[in-house]
Amino acid sequence: MAPAAAGDGAYRAGFACFVGRPNAGKSTLTNAIIGQKIAITSNKPQTTRHIIRGVLHRPDGQLVLVDTPGLHRPRTLLGQRLNDLVRDTWSEVDVIGVCFPADEPVGAGDRFISAEIAELKATVIAVVTKVDLVDPATLAQRLIAVSELYDFAEIVPVSAVSGHQVDTLVEVLVRHLPESPQLYPDDVLTEEPEQVLIAELVREAALEGVRDELPHSIAVLVQEILVEGNLTKIYADVYVERDSQKSIVIGARGSRLKQVGTLARAQIEALLGKKVYLDLHVRVAKEWQRDPKQLRRLGF
């Protein structure tokens, strides 16, 4: 049954996710809607690995956002697992927002994803992201190209960076959720354990400014969190696949690793609201993306 129009007085609650090729702005959009940094954002493709649920509480409903990795043609066992994760998520949500970046023409990756969602029972809307980066004429072209890909329930142009139409997008998502009682208590913002969020923040910091060959090769494992008075001590290992990558992450005389630590610590303190001591070690796990045992140990 199609959802009634918003403003019908019904309380709606359910799950929604954004999908799209890597770098379509999915995580940035999730963060803009939830209003707190819960999903890792980086300008390197394929950076989200864990499904992070963000919960938005509204008087008329509750929107639970599920963050998925970008769907891509897999080249490694890790890539394959990430794609399976995406498809599992898609089959369980009520609304899917397919993201198309306004600053890039609709391409083969977008067509691949639009074909994949044709089988699903969720309501599918199109979200044209990054509209702050293009002029009105280009945006109009993108909207037409997107509308020809699939019979979307609605098409919403937004900019997560400037906040343009983010509220409108939320209205649209909530409108297509089923009538349902609240799914999470009022004070829940995310379902992810702190340890996973901390590991993601360290990984994001480690990705800042490194060369393009590194993003997929970095994994982070939080070994221990100790609370001593008002100080939280965090011990974490940053895993790479080769010794040459280890020296890139550490940098000359440890300068890069120090930068990573400073950046990550600031983000973790903002997340926890406490003072943090962060201890990072870089370790090599040879070819971990292709090794099922190592993938399991690193949480995939």
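As a reminder, the structure under discussion sits directly above these lines.
Treat the numbers as computed from the prediction; the structure is a model and nothing was measured.

## What about the sheet that holds strand E8 (residues 231-240)?
Strand order in the open sheet formed by three strands is E7-E8-E9, and the pairing between neighbours is mixed. Both outer strands of the open sheet, strand E7 (219-228) and strand E9 (275-284), are each paired with one neighbouring strand and no more. Each neighbouring strand pair of the sheet contributes to a mean axis angle of 15°, computed without reference to strand direction. With nine bridges connecting them, E7 and E8 associate as antiparallel partners. Residue pairing across strands places Leu221 opposite Asp237, the latter belonging to E8. Of the strands in this sheet, E8 and E9 are in contact with helix H7 (residues 243-250), which crosses E9 at around 155°. Together, E8 and E9 form the strand contacts of helix H8 (residues 255-272), whose direction differs from that of E9 by roughly 135°.

## Overview of the pairing of strand E5 (residues 123-129)
Counting buried positions over the seven residues of E5 gives six, a clear majority of the element. In the sheet, strand E4 (residues 95-101) pairs with E5 via seven bridges, with the strands oriented parallel. Counterpart to Phe100 in the pairing with E5 is Val128. On the question of chirality, the crossover connecting E4 to the parallel E5 by way of helix H3 (residues 108-117) is right-handed. As judged from the three bridges shared by E5 and strand E6 (residues 155-157), these two strands associate in the parallel manner. Within E6, the residue paired with Val128 across the bridge is Pro157. This β-α-β element, E5 to helix H4 (residues 136-147) to E6, shows right-handed connectivity.

## Focus: the side chain of Thr232
Following the sequence through the fold, Thr232 ends up in strand E8. Classification of Thr232 as buried rests on a relative accessible area of 3%. The contacts of Thr232, once residues within four sequence positions are left out, are Ile225, Leu226, Val227, Leu272, Lys274, Lys275, Val276 and Tyr277.

## Some points on helix H1 (residues 26-34)
Of all nine residues that make up H1, seven are buried, and the element is covered over most of its length. What H1 keeps buried is the set Lys26, Ser27, Leu29, Thr30, Asn31, Ile33 and Ile34.

## Remarks on unusual backbone geometry
One can expect most non-glycine residues to show negative phi and most peptide bonds to be in trans. Positive phi is not limited to glycine here, since Lys130 has a value of about 60°. Here Lys130 shows up in the loop between E5 and H4. Residue Lys130 is classed as partly exposed on the basis of its relative accessible area of 23%. Its identity is not glycine, yet Arg253 carries a phi of approximately 50°, on the positive side. Inspection of the secondary structure puts Arg253 in the loop between H7 and H8. When its relative accessible area of 90% is taken as the criterion, Arg253 is described as exposed.

Scoring rules and cut-offs
Residues numbered from 1 in each chain as written. Predicted model: local features only at pLDDT ≥ 70, side-chain atom pairs only at ≥ 80, totals over all residues. Heavy atoms only, no water. Pairing = 2+ DSSP bridges. Helix = DSSP H or I, 4+ residues; strand = E, 2+ residues; numbered from the N terminus. Axes fitted to C-alpha atoms, helices over the stretch in contact; angles between N-to-C directions. Contact = heavy atoms within 4.5 Å. Buried < 20%, exposed > 50% of the residue type's maximum accessible area, 1.4 Å probe, protein only. Right-handed = clockwise from strand over helix to strand, strands pointing away.

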